[in-house]
Amino acid sequence: RGPRILDNDPTLVIGQLLIGMGVISIAGLIYSTPPAALRLGRRQSRVIIIGGTILIQTAGVLLLWPALSSDLARYRLDGLTWLTGNSPYAVTPRQMLATSNVDALDHTLPSNDFYSIDPPVAQTVFIAARAVEMVAFGPAKVQPRAEPLSHWRPVLMYVSWPHRGLVLRTIFALAAVGCVVVMLRLLEHAGRTPWLAVLFAWNPLV
């Protein structure tokens, strides 16, 4: 997770693709296995699928860094923009950076001249996540370094673990588990195998 990975987009993308091959393999097994060959009942299957989803999402929140894109950094700033009484639809990040409310991670956000494109319901999640983060952990502070860091990705190595999108990623993880529960109900209603849900539930991109 050091600079050799964080600063190398091909490594990040190819790594995700290779891990994703496991999901493709699962899809092949599901479609090539006769329905009668699986001896697990629907209830047992649901417990395994949901339990596996919770385990994977927990591991993701604890072990991974939000390093594939700058989205989470932007979501944090959108939440802060609302909390300061402004709208990210009318105020750009550059304008927000001129205020005293931003922290060290906010200052590294790229694309500072673009208004937010995320819809209002998503914005409520950003507001809640940033409010919880501010109350529970305070502003993000970068550990002292000889040279300044101006980009969001390497800064992740020098801020505390909670400021690596912990609150927002926890909300996303809970949403993913909820989606899997709904998906299992839909598959049951359609008379399909519940194991089709793992193509979403256990997908590394999710």
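Since we're looking at a predicted model, the values are computed, not measured.

A. Up close: the overall build of the protein chain. Counting its secondary structure elements, the protein chain contains nine helices and zero strands. Reading the helices (α) and strands (β) of the protein chain from amino to carboxyl end gives α-α-α-α-α-α-α-α-α. Once the C-alpha set of the protein chain is aligned to its principal axes, its extents read approximately 65 × 35 × 30 Å. By residue count, 37% of the 206 residues in the protein chain fall in the buried class. Within the protein chain, counting contacts between residues at least 6 apart in sequence, those at least 24 apart form 74% of the total. Surface accessibility of the protein chain: about 12000 Å² in total, with carbon and sulfur atoms responsible for 67%.

B. Structural context of the packing of helix α6 (residues 120-137) against helix α8 (residues 166-190). Two elements in contact, α6 and α8, have axes whose closest approach is 8 Å; the angle formed by their N-to-C orientations is 135°. Judged by the inter-axis angle, α6 sits oblique to α8. Considering only the axes of α6 and α8, their crossing is right-handed. Each of Val125, Phe126, Ala129, Val132, Glu133 and Phe137 in α6 lies in contact with α8, whose residues at this interface are Leu166, Val167, Leu168 and Ile171. Residue composition of the contact of α6 with α8, grouped by class: nine nonpolar, no polar and one charged.

C. Molecular detail of the pattern of salt bridges. Applying the stated criterion across every chain yields a total of eight salt bridges. Glutamate 188 serves as the salt-bridge partner of arginine 46, at 3.5 Å between the closest nitrogen and oxygen. Note that arginine 46 is positioned in helix α3 (residues 42-63) and glutamate 188 in helix α8, a separation of 142 residues in sequence. Note on glutamate 188: relative accessible area 36%, which makes it partly exposed. Salt bridges sharing partners connect three or more residues here, namely Arg76, Asp103, Asp106, Arg130 and Glu133.

D. Structural context of the packing of aromatic side chains. This structure, assessed with the given rule, holds four aromatic pairs. Plain terms: the ring middles of tyrosine 75 and phenylalanine 172 are 6.4 Å apart, the flat faces sit at 85° to each other, and that makes the pair edge-to-face. Remark: phenylalanine 172 occurs in helix α8 and tyrosine 75 occurs in helix α4 (residues 71-83); sequence separation between them is 97 residues. Consider the rings of tryptophan 82 and tyrosine 89, whose centres lie 6.0 Å apart with planes at 80°: the pair is edge-to-face.

E. Here's a closer look at helix α2 (residues 9-32). For α2, built from 24 residues, the straight-helix expectation of 34 Å at 1.5 Å per residue is met to within 8% by its first-to-last C-alpha distance of 35 Å. Every buried residue of α2 is accounted for by Leu12, Gly20, Val23, Ala27 and Ile30.

F. Representation of the nonpolar core. Ile30, Ile49, Val180, Leu184, Leu187, Trp195, Leu196, Ala197, Val198 and Ala201 form the largest nonpolar core, which has ten residues in total. Broken down by secondary-structure element, the contributors of at least two residues to this core are α8 and α9 (198-201). When residues of this core are assigned to their parent elements, the largest contribution, three residues, is made by α8. Not counting the four nearest positions on each side in its chain, valine 180 is found in contact with Ile49, Ile50, Thr53, Phe200 and Ala201. Judged by nonpolar contacts, the second largest core, of eight residues, contains Ala73, Leu80, Leu97 and Leu109.

Calculation notes
- Throughout, a residue's number is its position along its own chain's written sequence, starting from 1.
- Two thresholds apply to this predicted model, a pLDDT of at least 70 for residue-level local features and 80 or more for giving and counting side-chain atom pairs, whereas whole-chain, interface and lining totals are computed over all residues.
- Note that the side-chain values use all heavy atoms of the structure and ignore hydrogens as well as water.
- Each helix is a run of H or I in the DSSP string that is no shorter than four residues. Each strand is a run of E no shorter than two, and both are numbered from the N terminus.
- Exposure categories follow from relative accessible area, calculated using a 1.4 Å probe and restricted to protein chains: below 20% of the type maximum is buried, above 50% is exposed, and the middle band is partly exposed.
- The contact criterion used throughout is that any non-hydrogen atoms of two residues lie within 4.5 Å.
- Throughout, the Shrake-Rupley method with a 1.4 Å probe supplies accessible areas, and for residues the shown protein chains are the sole cover considered.
- The convention used is that axes are lines fitted to C-alpha atoms, helices contributing only their stretch in contact, and that angles between N-to-C directions extend from 0 to 180 degrees.
- Oblique is the label for every angle not falling under 35 degrees (roughly parallel), over 145 degrees (roughly antiparallel), or within 65 to 115 degrees (roughly perpendicular).
- Here is the rule for handedness: rotate from the far helix to the near one, and if that takes an anticlockwise turn smaller than a right angle the crossing is left-handed, while a clockwise turn gives right-handed.
- Residue polarity is assigned by list, with Asp, Glu, Lys and Arg as charged and Ala, Val, Leu, Ile, Met, Phe, Trp, Tyr, Cys and Pro as nonpolar; anything else, Gly included, falls into the polar class.
- A side-chain nitrogen of Lys or Arg and a carboxyl oxygen of Asp or Glu constitute a salt bridge if their distance falls within 4 Å.
- Aromatic contacts are taken between Phe, Tyr and Trp rings whose centres are within 6.5 Å, Trp giving its six-membered ring; a plane angle under 30 degrees counts as stacked, one over 60 as edge-to-face, and the others as tilted.
- Given the number of residues in a helix, its expected span is that number minus one, multiplied by 1.5 Å.
- Residues belong to one nonpolar core when they are buried, are Ala, Val, Leu, Ile, Met, Phe, Trp, Tyr or Cys, and are joined through side-chain atoms within 4.5 Å.

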